[in-house]
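If you want the building blocks of each chain, they are given just below.
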Amino acid sequence: MLEETLKRIQAHKGVIGTIVVNAEGIPIRTTLDSSTTVQYAGLLHQLTMKARSTVRDIDPQNDLTFLRIRSKKHEIMVAPDKEYLLIVIQNPSE
Amino acid sequence: SCPKQKQHPEQKRKNAPGPAFLSHLPVTGHPDYIFPLVLTSATQELFCCRADVDVTGDEPHKLLRKEDILRDMKNRAAVSDFSPLKQAVLDYPEEELLLVFDQDFTYGQSFYLVLTAGAKEDILRPPPGMEEEEEEGDELLEVQKTPEPKPWLSLGSEREIQEESVTDTRPRVYKVSRVRRQFGAPVCFWDHSAGAMRGSYVECPSYQDKSFSLWRMEKENSVQAIPNTKSSSSQTLWKYPRNMCTQYEPRELEDEEKERLLQSADLKNFLNSVSARFELAIQQNEIMDVFLDDWRALGDEENVLGGKVDTHLKEYQSFTHTHYSTNKTISCLSWHPTVNGVIAVAVTENLSFEERINNSTRLLLNPSLILFWSFSDPINPQLLLECPDDIFCFEFCPSNPNIIAGGCMNGQVALWDISAHVDRLQGARGGGAARTSNADDTRDIAPPTVRYCAVSGVESGHRAPITDIQWLPETFEVSRTGTPLENKTLISVQIVTCAPDCCVMFWDLRAPRTVVNALTDTKPKPEEKTVENPYGVPSTFKHLDLTWKPLFRVHTHTHFSHSHSPSPTPPDKSVTVGDRPEPPDYGQLHLPSAKHQRQTDDISTKFYVGTEDGEVVYTDWKLEKDNDSGQLFSPKPTHCFRVHDCLVNTVSRSPFYLDIILTVGGWNFAIWKEGVMTGPLVLSACSQKRCSAGAWSLTRPGVMYIGKEDGNLEVWDLLEKTHEPSQIQSVTTFPITCIKPWTVSLKQQLLAVSDHQGTLHILQVPWMLRHPAANELSVSRYFEKEVEHLVYFEKRTEMREREKKQVEAEEQRRRMVRSSFSWWASLLDNICPKNICAGRN
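Residues numbered from 1 in each chain as written. Chains lettered and ligands numbered in written order. Predicted model: local features only at pLDDT ≥ 70, side-chain atom pairs only at ≥ 80, totals over all residues. Heavy atoms only, no water.

Chemist: Just give me the short version of the overall build of chain A, but keep the residues and values in it.
Modeler: Looking only at helices and strands, chain A features two helices and five strands. What you see in chain A, going N to C, is helices and strands ordered as α-β-β-α-β-β-β. Split into buried and exposed, the 94 residues of chain A put 44% on the buried side. Taking the contacts inside chain A whose residues are at least 6 apart along the sequence as the reference set, 38% of them involve residues at least 24 apart. Looking at chain A as shown, the accessible area adds up to about 5,100 Å², and 53% of this sits on carbon and sulfur atoms. (Helix = DSSP H or I, 4+ residues; strand = E, 2+ residues; numbered from the N terminus. Buried < 20%, exposed > 50% of the residue type's maximum accessible area, 1.4 Å probe, protein only. Contact = heavy atoms within 4.5 Å. Areas by Shrake-Rupley, 256 points an atom, 1.4 Å probe, with all protein chains shown as cover.)

Structure below.
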């Protein structure tokens, strides 16, 4: 079940990689090479924490559900949770 | 002198002048106060007046005491020398008598005594007047009067003396004395209070004297305001910077931990809840890229704001020389490969064959030239190369741009070496500012002329004017039989030439093997040294001069007019251009034995040649061996296309595609693909004027420039239209003879166009024509489409043939059927007349 979900996401057109990260920023499962994974995990974990704290500062009843970062080359999508983090990188122009 | 002994006063005389006056008296006579006497040596010793010892000529005076003389007289009575003077000595008033040593015997004796005090004084202290007279010598005065003593005349000197002297002006007031025994004794001091005894001191305090007080009523003062400053300091603990480093590595989970987490339900729930959002987002991206700026992606990068797009070729510069290039035509031009802004043109006479023969003597005197123009000087060429005859084509060596090879009209190949003048070319390019300083002297000097340093043998060369010359690329070389071999030296050493005498010749720059064996390599022979070098020609190719033979020749039966370089190396064999070796001494290079060289099989030995009659011939240059006679002969050309109506003047490979070739000749041009032998890919329509030159664009694969007979330059863009040129521009009024583009920099591309009247035009290529469009690579697709079209065309021809045959067969059959049917019909007619058919009713 877990595998199928991840596989389904990975199979979309233009998806470069998928990373599952735990609450401390340590990657659990990835489809990229380890150095890239570690870099993405560490940086995006910190960014997600920051974004979440921003949202909650503005309205404490609110919470961050989804974070999309669009860059020139890719789009990075991050979905946070209490314990985990799912990161997907997609190239939209293909 | 010892003062003890004195002379008797008796000996002294009365007042008399000094001895100077006495010198004029007769020798025997003497004044009264002088008494000459003789002193015995005993007396002399007694009185310390020994002659020449105590008293000398310089110091003749001696003072003797009266008592001594008297005593001596008492002691020795009659024996004493002073005895006759007893009375005079006794009468002498003073204590001392003067004895004078008379060296010159003026008074007859060696001594004389002065008897009077006055005379003594005079002698001892002669007055100044007498001194001067003394110094003048004896010859002076005859008669001298004895000077009378005069009263002293005071001239004020005693006042000065009195002033100078220190005397008491008043009696001494205080006298302090001390007991003698206290001198030097230690002193004891004690304190004494000043206020205790009023009278022990006298005070002299200062007071304000009113007469001397001055009050300053006005005073200038300046004031400056400064910001508030506050100084403070604190003592800090100084820590010096230290290098620190931390080594870290990312945290990773153990594999078991990962497995455990992956199996956990939490993760599953999380993924299930989150995946929907992801699907949404990813699908959004797949549908459309919302951030793509369509407007920006639509147009090209050009920054033309409104107005017409500029595709006009602007005239950049034009070169012509009144002396060298009037009434002549430029037959070939070439950009210098390394020096920027230098271009070389070959200038030839504009005469027909008959005219040449008629004017041959004049032509011999004016040698043909290759001119080197530089952008910095449009009036004077920088360098002139002297040619043995009119040059129709020349090329720079790709590995050593100082070597130039050219093909002459009489079939010879000439070589030039301009290494000595490269500085001039480079200096000429390097800025006009430096040149203006000494502009006067450089302009007046004629450009240097370099003679060709080697020329091929007349009999061994071509028999017709050489129309094209190409250097083989430095990646391979060719053996005597035409087999391509690996070139270990990585420099271009071989040249291909073609001429209308049906020959393509391969030449090698190195000394042939047999010649080398005869000569010694290391030291030159003495005969060579005596060979003069009257033209100052560099001896780079001395070994080839006049003995140069081609390596081998390819002989076919068609008259060649142009050829092109053989295909370059396939891309997997990359040549490092960076560390090109130093241009070698060509005299030292030898043709290697063919055995030692590796054969390269991936070089194609086929090439295209254009002919005088307008054919394009595709042939192989490798010589084949005839099995019967064992001789080497050239194979027959594989394909021969008759496309152009006139002489083919350009055969050129596209700089982008290795197998696309452009040929220009007659009234049209054609594009060929190597390997497709059915025909040209593109054949342009015949234009009204002849095409006289053609060239590919260096940056756009689908653009080419065609020069026309009426001086127009046509720009053909295959992506735009193929039935007519996209642009026509008039460059000159004379036929264009050669076109060569050149990329100067990223922003500038120049096109060199030469015309029939000797002028070289440099045009600047506008942005539109040099910047490749976004879909420029579709030119290759266009060519492929054309190939397919040709293939289809061929197939269709076959199909048509077959169809035609079928139709004919059908027709035949039908004809046969019809003919037989008509026969039956006529037979029936005869047997069964019409009434039978009509008898029915």
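After that view of the structure, there is still more to cover.
Chemist: Would you mind going over the packing of helix α8 (residues 255-263) of chain B against helix α9 (residues 265-287) of chain B in detail, with residue names and values included?
Modeler: All names here are of chain B. With their axes 5 Å apart at the nearest point, α8 and α9 run at an angle of 55 degrees to one another. By the criterion of interaxial angle, the relationship of α8 to α9 is oblique. Contacts between α8 and α9 pair Leu-261, Leu-262 and Gln-263 from the former with Ala-265, Leu-267 and Lys-268 from the latter. Class assignment for the residues of the contact of α8 with α9 results in four nonpolar, one polar and one charged. (Axes fitted to C-alpha atoms, helices over the stretch in contact; angles between N-to-C directions. Parallel < 35°, antiparallel > 145°, perpendicular 65-115°, else oblique. Nonpolar A, V, L, I, M, F, W, Y, C, P; charged D, E, K, R; others polar.)

Chemist: Describe the interface of chain B and chain A, listing the residues and the values that go with them.
Modeler: With 27 residues of chain B in contact, the opposing surface of chain A contributes 35 residues. Of the roughly 2,900 Å² buried between chain B and chain A on both sides combined, carbon and sulfur atoms contribute 66%. The three residues of chain B that bury the most area against chain A are Phe-270, Phe-278 and Asn-285 of chain B, which together make up 22% of that side's buried surface. Here chain B is connected to chain A by three salt bridges. Residues Glu-24 of chain A and Arg-251 of chain B are paired through a salt bridge, measuring 3.9 Å at the closest nitrogen-oxygen approach. Seen at the junction of chain B and chain A, the total is ten residue pairs in polar contact (both at pLDDT 80 or more). Those elements that provide at least two residues to the side of chain B that touches chain A are α8 and α9 of chain B. Per-element tally for the side of chain B that touches chain A: the top contributor is α9 of chain B, with 16 residues. Here the residues of the side of chain B that touches chain A sort into 13 nonpolar, six polar and eight charged. (Buried area = accessible area lost by both parts, 1.4 Å probe. Salt bridge = Lys/Arg side-chain N within 4 Å of Asp/Glu carboxyl O. Polar contact = N/O pair within 3.5 Å; in protein donor to acceptor, adjacent residues only side chain to side chain.)

Chemist: Explain the packing of aromatic side chains residue by residue, including any values.
Modeler: Residues and elements named next belong to chain B. Overall, the coordinates contain 15 aromatic pairs over all chains when judged by the stated rule. Their ring planes at 85 degrees and their centres at 6.0 Å tell us that Tyr-657 and Phe-783 sit as a pair that is edge-to-face. One end of the pair, Tyr-657, is in the loop between β27 (648-653) and β28 (660-665); the other, Phe-783, is in helix α19 (residues 778-831), and 126 residues separate them in sequence. For the pair shown, Tyr-657 and Phe-783 are each scored as buried. Arranged with centres 4.8 Å apart and planes meeting at 80 degrees, the rings of Phe-669 and Trp-716 form a pair that is edge-to-face. One end of the pair, Phe-669, is in strand β29 (residues 668-673); the other, Trp-716, is in strand β33 (residues 712-717), with 47 residues separating them in the sequence. (Phe/Tyr/Trp six-rings, centres within 6.5 Å; stacked < 30°, edge-to-face > 60°.)

Chemist: Let's hear about the side chain of Arg-653 of chain B: which residues, and what values?
Modeler: Inspection of the secondary structure assignment puts Arg-653 of chain B in strand β27. Of note is the side chain of Arg-653 of chain B, whose polar atom sits 2.9 Å from the side chain of Glu-674 of chain B.

Chemist: Any details on the packing of helix α1 (residues 2-10) of chain A against α9 of chain B? Residues and values, ideally.
Modeler: Direction vectors running N to C along α1 of chain A and α9 of chain B enclose 15 degrees, while the axes themselves pass 10 Å from each other. By the criterion of interaxial angle, the relationship of α1 of chain A to α9 of chain B is roughly parallel. Two packed elements cross with a definite hand, and for α1 of chain A against α9 of chain B that hand is left-handed. On α9 of chain B, the residues that touch Leu-2, Thr-5, Leu-6, Arg-8 and Ile-9 of chain A of α1 of chain A are Leu-267, Leu-271, Asn-272, Ser-275, Phe-278, Glu-279 and Ile-282 of chain B. In the contact of α1 of chain A with α9 of chain B, the residues fall into seven nonpolar, three polar and two charged. (Left-handed = near helix turned anticlockwise from the far one by under 90°.)

Chemist: Pulling in residues and values, what's your account of the sheet that holds strand β36 (residues 749-755) of chain B?
Modeler: Residue and element names in this part refer to chain B. Spatial strand order, β5-β37-β36-β35: four strands in an open sheet with antiparallel pairing. The open sheet has two edge strands with one neighbour each: β5 (314-319) and β35 (736-743). Going across the sheet, the axis of each strand differs from the next one's by a mean of 20 degrees, ignoring polarity. (Pairing = 2+ DSSP bridges.)

Chemist: So what's going on with the pairing of strand β37 (residues 760-764) of chain B? Residues and values would help.
Modeler: Residues and elements named next belong to chain B. Among the five residues that make up β37, four are buried, leaving the element largely enclosed by the rest of the structure. With five bridges joining them, β5 and β37 adopt antiparallel strand pairing. Paired with Ser-318 across the bridge in β37 is His-761. Bridge count between β36 and β37: five bridges; the pairing is antiparallel. Along β37, the bridge assignment pairs Leu-751 with Leu-763. As consecutive antiparallel partners, β36 and β37 are separated by four residues, and within that stretch Gly-758 has a phi angle of approximately 90 degrees, a positive value.

Chemist: Quick one: what's the story with the sheet that holds strand β3 (residues 96-101) of chain B, residue by residue and with numbers?
Modeler: Backbone hydrogen bonds are what pair the strands of a sheet, in a parallel or an antiparallel way. Residues and elements named next belong to chain B. Taken in spatial order, the four strands line up as β1-β4-β3-β2 in an open sheet, and their pairing is antiparallel. With partners counted over all chains shown, the strands left at the sheet margins are β1 (34-37) and β2 (61-65), one partner each. Between one strand axis and the next, the sheet turns by 30 degrees as a mean value, whatever way the strands run. Looking at chain direction, β2 and β3 are connected through five bridges and run antiparallel. In the strand pairing of β3, Leu-63 is matched with Leu-98. Across the sheet, helix α5 (residues 117-124) lies against β1, β2, β3 and β4 (111-114), angled at about 50 degrees from β3, the strand it touches most.

Shape descriptors only; they carry no functional weight alone.
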